[in-house]
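So the chains spell out like this:
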Amino acid sequence: MVELQILNKVLKEGNLSLIVSNGLTADYFINYKEEFEYILNHYNRYGNVPDKETFLSKFQDFSLIDVTESDRYLIETISEEYLYYKSVPVVNKIAELLKTDANSAVEYMLSKIPELTSSRLIEGVDLVKDAKLRFQAYKDRSTKPETSVIRTGFAELDEILFGWEMGEELVTIVGRTNQGKSWLLLEFLKSAWKQNKRVGLYSGEMSANKIGFRFDSLMNHFSNTNLVRGIDEPEYEDFINWLSSRENSFIVVTQKELGGRATVSKINSLIEKYELDIFGIDQYSLMADERCSKGDPLRLQLAHITEDLFKTSTRYRIPILGLVQANRSGAKYKDEEGTPELEHVKESDDITHNSSRVLSMRQTGAGLELSIKKNREGRVGDTLTYFWDIDRGQFKYIPVHGDAVHGQKVEQVKKEFKDGADVF
């Protein structure tokens, strides 16, 4: 019916804007393909839509009807019918393949997804008519910032970044091997959890228990060495009892729980199941690309993964934080040469292109050096330094050149932080 309605509206109004502006082709007009092509050919040859008399002389059985439905309704309906028409043979073939080869069925399904989703109605945002929606977003950011961002947990970093955006936010943290990237990621996620956010983490290497011990150290500054070795830590049992009574979840999955490497689809399922507010990935190279073909280079796989993760962030309106290693040239850096640059991201420049923000980190003689290499929301190039007791999960900001920060001087910070523990 909708095909007939659209053709009638085109004939009545005498223009093709409804068809052209929405990308409709003859494939959408399954029952009226010949009529559609006649109108289009007439327009291309004579420069106008045929009038009703000319059209009816060719198609005497065509029904002329009054159409009062909106353009939006007509386009959404024909797009839905077209998607159904295209999906039925795909679903049938998948069902047949599943009987003999599930892997082939999944590969076929994934290959058809771009083709099917391309038929969806595309709409833009009217910056003029939708201005009040933008103003409401502005008001929310000023009066209820917790609904638009999640604080990083580092006050000095928040002054620059404002926080992790709730959507369209893929944050990549780059560092060399054994520099503490996993610890830093967990610190960011712990801070989100303390803001009553529901947190998810995929760890491609560590067990959930080891991550849990690190979480406990970051939360309450227990010695991680003591927790891992079973050495007595006063008040640890009381902390565990308190933690067990909390409502917001911190979900950890590893390759063991997933039966293999994480994929973007599996992460999407976890986000939906637990209604997560933020998700961390340790690390991109330990994920599997669902779009790759046999023999595709790792560079292309990582490009696919990060592109799809950014789409996940946009779809669910949550920030996603992921880790990546510096390549060999970045790994050769000496302490005095600073943190790795964007070109040192291992395997793929596309990782940084797909990321909304890139933070680079390294261990120094004092502790942690954290640099902002990419920031779509503001300035780049800032470097922050912290004393860092990794074992007890403690960070203390070091003001630059002795400047006062929160009323403290460098020497005061050193004195307060030094408690006999090793600082990395």
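About the criteria used
Residues numbered from 1 in each chain as written. Predicted model: local features only at pLDDT ≥ 70, side-chain atom pairs only at ≥ 80, totals over all residues. Heavy atoms only, no water. Helix = DSSP H or I, 4+ residues; strand = E, 2+ residues; numbered from the N terminus. Buried < 20%, exposed > 50% of the residue type's maximum accessible area, 1.4 Å probe, protein only. Contact = heavy atoms within 4.5 Å. Areas by Shrake-Rupley, 256 points an atom, 1.4 Å probe, with all protein chains shown as cover. Pairing = 2+ DSSP bridges. Axes fitted to C-alpha atoms, helices over the stretch in contact; angles between N-to-C directions. 1 Å grid on protein atoms, 1.4 Å probe; cavity = no way out; pocket = protein on both sides within 12 Å on 5 of 7 lines; lining within 4 Å. Points joined across faces, edges and corners; volume = space filled by probe spheres on them. Nonpolar A, V, L, I, M, F, W, Y, C, P; charged D, E, K, R; others polar. Core = buried A, V, L, I, M, F, W, Y, C linked by side-chain atoms within 4.5 Å. Phe/Tyr/Trp six-rings, centres within 6.5 Å; stacked < 30°, edge-to-face > 60°. pLDDT = per-residue confidence, 0-100. Salt bridge = Lys/Arg side-chain N within 4 Å of Asp/Glu carboxyl O. Lys, Arg positive; Asp, Glu negative; His and termini not counted.

1. What to know about the overall build of the protein
Looking only at helices and strands, the protein features 18 helices and eleven strands. The proportion of buried residues among the 424 residues of the protein is 46%. A fraction of 63% describes how many contacts in the protein between residues 6 or more apart in sequence connect residues 24 or more apart. Put simply, the protein shows about 23300 Å² of open surface, and 48% of that area lies on carbon and sulfur atoms.

2. Some thoughts on the sheet that holds strand 3 (residues 170-175)
Spatially, the nine strands line up as an open sheet ordered 5-4-6-7-3-8-9-10-11, and their pairing is mixed. In this open sheet, the two strands that pair with only one neighbour each are strand 5 (250-254) and strand 11 (394-397). Within the sheet, the average angular offset between the axes of one strand and its neighbour, ignoring direction, is 25 degrees. Direction of pairing for strand 8 (residues 357-363) relative to strand 9 (residues 367-375): antiparallel, over a ladder of seven bridges. Bridged to Val358 within strand 9 is Lys374. Of the strands in this sheet, strand 3, strand 4 (199-203), strand 5, strand 6 (278-282), strand 7 (320-325), strand 8, strand 9, strand 10 (383-389) and strand 11 are in contact with helix 9 (residues 181-194), which crosses strand 6 at around 170 degrees.

3. Things to note about empty space enclosed by the protein
Applying the stated criterion across every chain, the model contains one cavity of 30 Å³ or more. Space inside the largest cavity adds up to approximately 50 Å³. Along its surface, the largest cavity is lined by Ser182, Leu185, Leu186, Leu201, Ser203, Met206, Ile211 and Asp282. For the lining of the largest cavity, the class distribution of residues is five nonpolar, two polar and one charged.

4. Notes on the pairing of strand 6
When a strand is regular, its side chains alternate between the sheet's two faces. Here strand 6 lies mainly inside the structure; five of its five residues are buried. As judged from the five bridges shared by strand 4 and strand 6, these two strands associate in the parallel manner. Looking at strand 6, one finds that Ser203 is bridged to Asp282. Alignment of strand 6 against strand 7, held across three bridges, turns out to be parallel.

5. Regarding the nonpolar core
In terms of nonpolar packing, the biggest core is built from 44 residues, with Leu157, Trp164, Leu184, Phe188, Phe250, Ile278 and Leu359 touching the most fellow members. In terms of residues, this core owes the most to one element, helix 9, which gives eight residues. If you look at the next biggest cluster of nonpolar residues, it comprises 28 residues, including Ile251, Ile281, Phe310 and Ile320.

6. As for the packing of aromatic side chains
By the definition in use, this model includes 20 aromatic pairs. Between Phe55 and Phe59 the ring centres are 5.0 Å apart and the planes differ by 40 degrees, which places this aromatic pair in the tilted class. Per residue, the accessibility class of Phe55 equals that of Phe59, and both read buried. Ring geometry for Phe154 and Tyr386: centres 5.0 Å apart, planes at 70 degrees, overall edge-to-face. Note that Phe154 is positioned in the loop between strand 1 (149-150) and helix 8 (155-161) and Tyr386 in strand 10, a separation of 232 residues in sequence. For Tyr386, a relative accessible area of 2% gives the class buried. Every member of this aromatic cluster is reached through a ring pair, and the members are Phe154, Trp164, Phe188, Tyr386, Trp388, Phe395 and Tyr397.

7. Examining the confidence of the model for the protein
Looking at the protein, pLDDT values average 83 and 85% of them are 70 or higher. Scored below 50 in pLDDT, residues 330-336 shows 14 contacts in the model against residues more than four places distant or in partner chains. A low-confidence stretch, residues 419-424 stays under pLDDT 50, and its non-local contacts, those more than four residues away or across chains, total 15 contacts.

8. Some remarks on the pattern of salt bridges
Applying the stated criterion across every chain yields a total of ten salt bridges. Its salt-bridge partner being Arg357, residue Glu169 comes within 2.6 Å of it at the nearest N-O pair. Taken together, the residues Glu169 in the loop between strand 2 (164-165) and strand 3 and Arg357 in strand 8 connect sequence positions 188 residues apart.

9. Some thoughts on the layout of surface pockets
Estimated volume of the second largest pocket: approximately 370 Å³. Lining the second largest pocket we find 17 residues, and of these Asn178, Gln179, Gly180, Lys181 and Ser182 sit closest to its centre. Sorting the residues of the lining of the second largest pocket by element identifies helix 9 and strand 7 as the ones contributing at least two each. The element that contributes the greatest number of residues to the lining of the second largest pocket is helix 9, accounting for three residues. In terms of residue class, the lining of the second largest pocket is made up of four nonpolar, nine polar and four charged.

10. Considerations on the side chain of Arg214
Inspection of the secondary structure assignment puts Arg214 in helix 10 (residues 208-220). Although Arg214 is buried, it makes no salt bridge; Asp282 carries the closest opposite charge, 6.2 Å away.

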